[in-house]
Amino acid sequence: MNLQFYTVLDNQPQTPNNSVPTIPLSTNDTLAIYRLHGRNYEGWLGESLNDWRAERTLYNYKKEELVEFATTVQTLENKTQEVCVIFNNNSGGHAAQNAFSLQDILDISFENLSPRQLDLF
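Residues numbered from 1 in each chain as written. Predicted model: local features only at pLDDT ≥ 70, side-chain atom pairs only at ≥ 80, totals over all residues. Heavy atoms only, no water.

K.L.:
Where do I start with unusual backbone geometry in this structure?
P.N.:
Apart from glycine, the bulk of residues carry a negative phi angle, and the bulk of peptide bonds sit in the trans form. Even without glycine at this site, Asp107 takes up a positive phi of about 55°. In this structure, Asp107 sits in the loop between helix 4 (95–106) and helix 5 (115–119). (Helix = DSSP H or I, 4+ residues; strand = E, 2+ residues; numbered from the N terminus.)

K.L.:
Please explain the side chain of Thr72 as it appears in this structure.
P.N.:
In this structure, Thr72 sits in helix 3 (residues 63–77). Aside from chain neighbours lying at most four places away, what touches Thr72 is Pro24 and Tyr34. (Contact = heavy atoms within 4.5 Å.)

K.L.:
Got a minute to help me understand the pattern of salt bridges in this structure?
P.N.:
One side chain can pair with another of opposite charge once the charged atoms of both are near each other. Taken as a whole and assessed by the stated rule, the structure comprises 2 salt bridges. Close ionic contact of Glu65 with Arg39 constitutes a salt bridge, the shortest N to O distance being 3.2 Å. In this pair, Glu65 sits in helix 3 while Arg39 sits in the loop between strand 2 (31–36) and helix 1 (41–45), placing the two residues 26 residues apart along the sequence. For Glu65, a relative accessible area of 10% corresponds to the buried category. On the basis of relative accessibility, which here comes to 26%, the residue Arg39 falls in the partly exposed class. Here Glu68 makes a salt bridge to Arg39, at a shortest N to O gap of 2.8 Å. Here the residue Glu68 occupies a position in helix 3, and Arg39 occupies one in the loop between strand 2 and helix 1, the gap between them amounting to 29 residues. (Salt bridge = Lys/Arg side-chain N within 4 Å of Asp/Glu carboxyl O. Buried < 20%, exposed > 50% of the residue type's maximum accessible area, 1.4 Å probe, protein only.)

K.L.:
Help me understand the packing of helix 3 against helix 4 in this model?
P.N.:
Any two packed helices are characterised by how steeply their axes cross, that is the angle between the axes, and by the distance between the axes. Following both chains from N to C, one finds helix 3 and helix 4 inclined at 60°, their axes separated by 9 Å at the closest point. Considering their axes alone, helix 3 and helix 4 lie oblique with respect to each other. Crossing geometry of helix 3 relative to helix 4 is assigned as right-handed. Taking contact as the criterion, the partners of Lys63, Leu66, Val67, Ala70, Val73 and Gln74 in helix 3 are, on helix 4, Asn98, Ser101, Leu102, Ile105 and Leu106. Tallied by class, the residues present in the contact of helix 3 with helix 4 amount to 7 nonpolar, 3 polar and 1 charged. (Axes fitted to C-alpha atoms, helices over the stretch in contact; angles between N-to-C directions. Parallel < 35°, antiparallel > 145°, perpendicular 65-115°, else oblique. Left-handed = near helix turned anticlockwise from the far one by under 90°. Nonpolar A, V, L, I, M, F, W, Y, C, P; charged D, E, K, R; others polar.)

K.L.:
When you look at the packing of aromatic side chains in this model, what are you seeing that I'm missing?
P.N.:
Two aromatic rings are characterised by how far apart their centres lie and by the angle between their planes. Counted under the stated rule, the structure contains 4 aromatic pairs. Grouping aromatic residues by their ring pairs yields a cluster made of Tyr34, Tyr59, Tyr61, Phe69 and Phe87. (Phe/Tyr/Trp six-rings, centres within 6.5 Å; stacked < 30°, edge-to-face > 60°.)

K.L.:
Quick question: what am I supposed to make of the side chain of Asn11 here?
P.N.:
Inspection of the secondary structure puts Asn11 in strand 1 (residues 7–11). By relative accessible area, Asn11 is classed as buried at 6%. Contacts of Asn11, omitting those with residues within four sequence positions, involve Thr22, Tyr34, Arg35, Leu36, His37, Gly38, Arg39, Tyr61 and Phe69.

K.L.:
When you look at the sheet that holds strand 3 (residues 82–87) in this model, what are you seeing that I'm missing?
P.N.:
Two orientations exist for strands paired in a sheet by backbone hydrogen bonds: parallel and antiparallel. Strand order in the open sheet formed by 3 strands is 1-2-3, with parallel pairing between adjacent strands. In this open sheet, the two strands that pair with only one neighbour each are strand 1 and strand 3. If you compare each strand with its neighbour and ignore which way they point, the axes differ by 15° on average. Looking at chain direction, strand 2 and strand 3 are connected through 6 bridges and run parallel. For Ala32, the partnering residue across the bridge sits in strand 3 and is Val83. (Pairing = 2+ DSSP bridges.)

Taken by themselves, the reported measurements are silent on function.
Here it is in structure tokens:
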């Protein structure tokens, strides 16, 4: 059995009892995964919500926040071969646009993607 362990960094609201701090270090030189859950503090707490699944990740990142994430991605990029960024702030439909904005900030583009994938956004 060949097991591989990769670094997974979560970025989420820092609440008193149910959050994990983001420490931008990679423990694997092959792949680091950076998941961005939004910064909806009230939604993350889950108190007084009708549907926490719909509200927890309801957040649209500001440009300044995306620039902050770009810095973290560049830090990780110096320590691992590949960095995968996953936007999980999707309950309000913000994930795709935030991902495109981060691509612009990082000045990266992807070639030969399936046209069907791009049509999803």
